[in-house]
Amino acid sequence: MESTVTYEGDLNLKATELRLGLPGTDESEREKPMVPVAVRNNKRPLTGSTDESKSASCASDARDGDRETRPAAKEQVVGWPPIRSYRKNSFQPKKTEADPAGIYVKVSMDGAPYLRKIDLKLYKGYSELLKALEDMFKFTIGEYSEREGYNGSEYAPTYEDKDGDWMLVGDVPWDMFISSCKRMRIMKGSEARGLGSCA
Amino acid sequence: MSEDEDRTVDLDGVSGGGAGFNHEASSSKTSCCPSPSPDRVLEIVLENVLLFLTSRRDRSAVSLVCKSWYRAEALTRSELFIGNCYAVSPRRAIERFQKVRSLVLKGMPRFADFSLVPPNWGAHFLPWVSAMATGYPWLEKVYLKRMSVTDDDLNLLAKSFPGFKELVLVCCEGFGTSGLAAVARECRQLRVLDLIDDEVMDDEVDWISCFPETGTCLESLVFDCVEFHVNFGALELLVARSPSLRRLKLNRHVPLGELLRLMVRAPRLTHLGTGSFSLSEHPAQEEQEAASLAAAFAACKSLICLSGFRDIVPDYLPTIHPVCAKLTSLNLSYANINAEQLKSVIYHCHKLQTLWVLDSVCDEGLQAVAATCKELHELRVFPMDAREDGQAFVSEVGLLAISEGCRKLRSILYFCQKMTNDAVVAMSQNCPELVVFRLCIMGRHRPDHVTGEPMDIGFGAIVMNCKKLTRLAVSGLLTDKAFSYIGKYGKLVRTLSVAFAGNTDMALRYVLEGCPKLLKLEIRDSPFGDTALLSGLHHYYNMRFLWMSSCKLSLGGCKEVARRMPQLVVELIREPEEEDIVDDVVEKLYMYRSLEGCRLDAPSFVTIL
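Residues numbered from 1 in each chain as written. Chains lettered and ligands numbered in written order. Predicted model: local features only at pLDDT ≥ 70, side-chain atom pairs only at ≥ 80, totals over all residues. Heavy atoms only, no water.

The name given to chain B in an unreviewed UniProt entry is Transport inhibitor response 1-like protein, with Protea cynaroides as the source organism. Regarding chain B, the relevant UniProt record gives this comment under Subcellular location (unreviewed entry): "Nucleus". (UniProt positions renumbered as here; feature names shortened; annotations may be inferred.)

The name given to chain A in an unreviewed UniProt entry is Auxin-responsive protein, with Protea cynaroides as the source organism. On record in UniProt, under Subcellular location (unreviewed entry), the comment for chain A is "Nucleus". The UniProt entry for chain A carries the following text under Function (unreviewed entry): "Aux/IAA proteins are short-lived transcriptional factors that function as repressors of early auxin response genes at low auxin concentrations."

Now the structure itself:
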């Protein structure tokens, strides 16, 4: 592990990551929710209008009247297809059959009466995951550093990996983490501090 | 309430319309007269007869016979339908119809649903509720569609009508939990509170807790559009003390565990919206829940309408098996399920009349529907990927299968990426009962993907063969020919939606000159100009509205219409950022007949000619 790696917003270790694949190719991004560019929910007060109406340009297309060859990449037009915005926004397209349905792991927190389950696939990286955990269990995590673990709070997020070992969240590249994480535990107190200082 | 059926049957399969409330004799003024005059006798007879007349078209005809009949009809009309809130003022309506118990009021044009109308355009409920507070103290029912409703409005409504029974808000916005709390608290006779596709603001008021503590008359509580949590504990208690509750539609924040608890308390439900239908937050209980669910459904012997499934875990879908055989309405349009998953339930649904699905079920799923649901009246297929060049899941194959299997089909809304004329023609021949045909080929100007031809023939066959057709929405590559067919054969068409279609003004002229029953016409992005607009002057007073956006209209043409038709309100709608009418091109035209002339509440971006 490079000693220069620090915990920033995104533990991007792509540069040194070992993975199968041609150099220069990138894994396809997990599909974002389908929100067409030009959808503007005009019922909530927005800070300024966000979407220009593209219908003027489309009108000029229609004016020709001839059978039109479609341009290669079409801009989304306001209000087309005619689906109400709540329906467009409240639904995310399913991944294709080939993709697994999601990586659900149980998360326990010391002192909490029951466990939670989260889908690791929903997060793009450690920062999002940790933020979600903070929101879910109402605590703060503190700054990660490779040397000292999580400073600035009593809690440390840990996980059990495939080998049955308990690891500190954040040490390995994100993709390796989500493929090896079986469950998580948010440790508190002296146990947590002990883990950090052993790094 | 759909206007496309004579009996207003909505997704619930419940008949709305004129009936359903007390028919009280309104001839109270004669009670003190010992022997009424012969004329008055005739009037009394007429009034009592008219009490049974509920169709508003019949009532309209009655009111035109003579002055005496006009008066009698006005005194006995208890349900008032106003299709355009700006067509008549509250004062005028109240002056004419004095005994109204039920109001249906519609506001914004339908294209507002697709972000084509800027916010704050209008359609305010306030002037209506204010006027009715004094004019209709015995008001019982209010149904609003696409109106702007505030918490203050709801407060006023709640306090003004002691006998208030039903509030149905469809596609409305501007109100939140405070307004709902007022209604829950003050309307002690409330039977129906239905929020359908509204935008409800979260003021963090626990409105569910505001219903009367001793018990309620609630028959229907629909809040599946509410995008935030409601207090579940309070909801459970509410259901427990609402013995008349038959319709309950939960929002997506009610998970399976909570749904179960409610079903146990309300086994006599007829209509159930199942909330998220997804994993509980307590993983340990999942298996137990699945078993309990099947039992809970088995216990609901009266269920005929199911919806919800907002975040469905498909594995749980088969738990609804016990109710499938009796279901008449099933809404899976938020359920991302595939063909196999649909089949596991649909094969039991022999009585199904209304089905809404996502195209995730693919053509194969629709084939299963066609094989089983012989009583199907209404089908809606929504797209998972609502983009022009998105993924295609259903096609002409599914449409053809449905047409061959579901011969009693009356209404269809079908989103797809590709279609053929043959399939549409086949549907026109196989389904002669079609009243509503709405086909949305999501790619603009897309021809028949097999022949490369425009879709003219297909839509032409629909208007020609479906003799009962009243509502039509067209799409795909269409030339003027398609519109000539519509004008020639679409003699009963009342509502027409056009987008990205036609070549010249002739297309619009065919329609305006050929369709005598045309009531609502909405057009976008089609090359129709002033000549076409002016060809409809003979008909515009018979229409509720005309919407044209991104067409070829000019300021001059619109001014000409306004000049020649004084009782038409001609609105030009700009984007709110634009200061004033910049050039001669009219981007959005919305015009409608009105008895009141120019409205006084128009915002700055609307110019009324």
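Still more to cover.
Caption draft 1: Just the overall build of chain A, in detail. A count of helices and strands for chain A gives five helices and seven strands. In chain A, the succession of α and β elements from N to C terminus is α-α-β-β-α-β-β-β-β-α-β-α. Each of the 199 residues in chain A was classed as buried or not, and the buried ones make up 39%. Summarising the internal contacts of chain A: among those between residues at least 6 apart in sequence, 51% fall at separations of at least 24. For chain A, the exposed area adds up to about 12,100 Å²; of that, 51% sits on carbon and sulfur atoms. (Helix = DSSP H or I, 4+ residues; strand = E, 2+ residues; numbered from the N terminus. Buried < 20%, exposed > 50% of the residue type's maximum accessible area, 1.4 Å probe, protein only. Contact = heavy atoms within 4.5 Å. Areas by Shrake-Rupley, 256 points an atom, 1.4 Å probe, with all protein chains shown as cover.)

Caption draft 2: Quick peek at the overall build of chain B. Per the secondary structure count, chain B includes 20 helices and 23 strands. Relative to the globule expectation of 25 Å for 609 residues, the C-alpha radius of gyration of chain B, 25 Å, shows essentially globular dimensions. Split into buried and exposed, the 609 residues of chain B put 62% on the buried side. As displayed, chain B has an accessible area near 22,900 Å², and 53% of this comes from carbon and sulfur atoms. Averaging the locations of the 67 positively and 76 negatively charged side chains of chain B gives two centres separated by 8 Å. (Rg over C-alpha atoms; globule rule 2.2 N^0.38 Å. Lys, Arg positive; Asp, Glu negative; His and termini not counted. Charge placed at Lys NZ, Arg CZ, Asp CG, Glu CD.)

Caption draft 3: Quick look at helix 7 (residues 177-186) of chain B. Helix 7 of chain B sits mainly inside the fold: seven of its 10 residues count as buried. Listing the buried residues of helix 7 of chain B in full gives Thr177(B), Gly179(B), Leu180(B), Ala181(B), Ala182(B), Val183(B) and Ala184(B).

Caption draft 4: Up close: the packing of aromatic side chains. All names here are of chain B. Applying the stated rule across the entire model yields 23 aromatic pairs over all chains. Judged by centre distance (6.0 Å) and plane angle (85 degrees), the ring pair of phenylalanine 483 and phenylalanine 528 falls under edge-to-face. Placement of the pair is phenylalanine 483 in helix 17 (residues 480-489) and phenylalanine 528 in the loop between strand 19 (520-524) and helix 19 (530-534), with a sequence separation of 45 residues. Grouping residues by exposure puts phenylalanine 483 and phenylalanine 528 together as buried. Ring centres of phenylalanine 545 and tyrosine 590 lie 5.7 Å apart, and the angle between their planes is 50 degrees; on these two criteria the pair is classed as tilted. With a gap of 45 residues between them, phenylalanine 545 in strand 20 (residues 545-549) and tyrosine 590 in strand 22 (residues 588-593) connect regions that are remote in the sequence. With respect to burial, phenylalanine 545 and tyrosine 590 carry one shared label: buried. Put simply, the rings of Tyr86, Phe111, Phe114, Trp121, Phe545, Trp547, Tyr590 and Tyr592 pair up and form one aromatic cluster. Stacked on the ring of tyrosine 334, the Lys or Arg arginine 310 has its end atom at 3.9 Å from the ring centre. Directly above the ring of tyrosine 86 sits arginine 599, whose terminal nitrogen or CZ lies 4.5 Å from the centroid. (Phe/Tyr/Trp six-rings, centres within 6.5 Å; stacked < 30°, edge-to-face > 60°. Lys NZ or Arg CZ within 6 Å of the ring centre and 35° of its normal.)

Caption draft 5: Quick look at a negative patch on the surface. All names here are of chain B. Negative charge collects at one region of the surface, where Glu577, Glu578, Asp583 and Asp584 lie side by side. For glutamate 577, the location among the structural elements is in the loop between strand 21 (568-573) and strand 22. In this structure glutamate 577 comes out as partly exposed when scored by relative accessible area, which is 46%. (Patch = residues over 30% accessible without salt bridge, like charges linked within 9 Å, V, L, I, M, F, W, Y side chains within 5 Å. Salt bridge = Lys/Arg side-chain N within 4 Å of Asp/Glu carboxyl O.)

Caption draft 6: The UniProt feature "domain: Transport inhibitor response" (unreviewed entry) in chain B, seen in detail. This chain's UniProt record puts "domain: Transport inhibitor response" (unreviewed entry) on residues 99-144 of chain B. Taken end to end, residues 99-144 of chain B is 22% helix and 20% strand, and its two terminal C-alpha atoms sit 19 Å from one another.

Caption draft 7: Quick look at the pairing of strand 7 (residues 183-188) of chain A. Residue and element names in this part refer to chain A. Bridging between strand 1 (residues 104-109) and strand 7 involves four bridges; their strand directions are parallel. The residue bridging serine 108 from the neighbouring strand is arginine 185, located in strand 7. Judged from the six bridges that link them, strand 5 (residues 155-160) and strand 7 form a sheet pairing that is antiparallel. When the bridges of strand 7 are listed, glutamate 160 appears paired with arginine 183. (Pairing = 2+ DSSP bridges.)

Caption draft 8: Main features of unusual backbone geometry. In this chain, Trp80(A) is followed by Pro81(A) through a cis amide linkage whose omega measures -5 degrees. Examined against the element boundaries, Pro81(A) turns out to sit in the loop between helix 1 (55-64) and helix 2 (85-89). Residue Glu204(B) is not a glycine yet carries a positive backbone phi of 65 degrees. Here Glu204(B) is to be found in the loop between strand 7 (199-201) and strand 8 (220-222).

Caption draft 9: Expanded view of the pairing of strand 2 (residues 102-106) of chain B. Residues and elements named next belong to chain B. Extensive coverage of strand 2 is indicated by the burial of five of its five residues. Here strand 2 shows no split at all, with Ser102, Val104 and Lys106 on one side and Leu103 and Leu105 on the other all buried. Pairing analysis gives four bridges linking strand 1 (residues 79-82) to strand 2, with the strands arranged parallel. Note on strand 2: the bridge partner recorded for isoleucine 82 is leucine 105. Between the parallel pair strand 1 and strand 2, the chain is carried across by helix 4 (residues 90-96), and the sense of this crossover is right-handed. Pairing geometry for strand 2 and strand 3 (residues 141-145), over five bridges, is parallel. Residue pairing for strand 3: leucine 105 is matched across the bridge by leucine 144. Traced from strand 2 through helix 5 (residues 126-135) to strand 3, the parallel crossover comes out right-handed. (Right-handed = clockwise from strand over helix to strand, strands pointing away.)

Caption draft 10: Structural view of the pattern of salt bridges. According to the stated counting rule, one finds 40 salt bridges over all chains in the structure shown. One salt bridge in this structure joins Arg599(B) and Asp601(B), with 3.0 Å as the shortest N-O distance. Overall, the relative accessible area of 30% leaves Asp601(B) in the partly exposed class. Residues joined by salt bridges that share partners form a network here, namely Arg84(A), Asp113(B), Arg146(B) and Asp197(B).

Caption draft 11: Here's a closer look at the nonpolar core. Residues Phe125(B), Trp207(B), Leu221(B) and Phe437(B) are the most contacted members of the largest nonpolar core, which totals 185 residues. In this structure Phe125(B) touches Leu105(B), Met132(B), Val142(B), Leu144(B), Met147(B), Ser148(B), Val149(B), Asp153(B) and Leu157(B), once residues within four positions along its chain are discounted. Counting residues in each nonpolar core, the second largest holds 28 residues, with Val107(A), Tyr155(A), Ala156(A) and Leu168(A) among its members. (Core = buried A, V, L, I, M, F, W, Y, C linked by side-chain atoms within 4.5 Å.)

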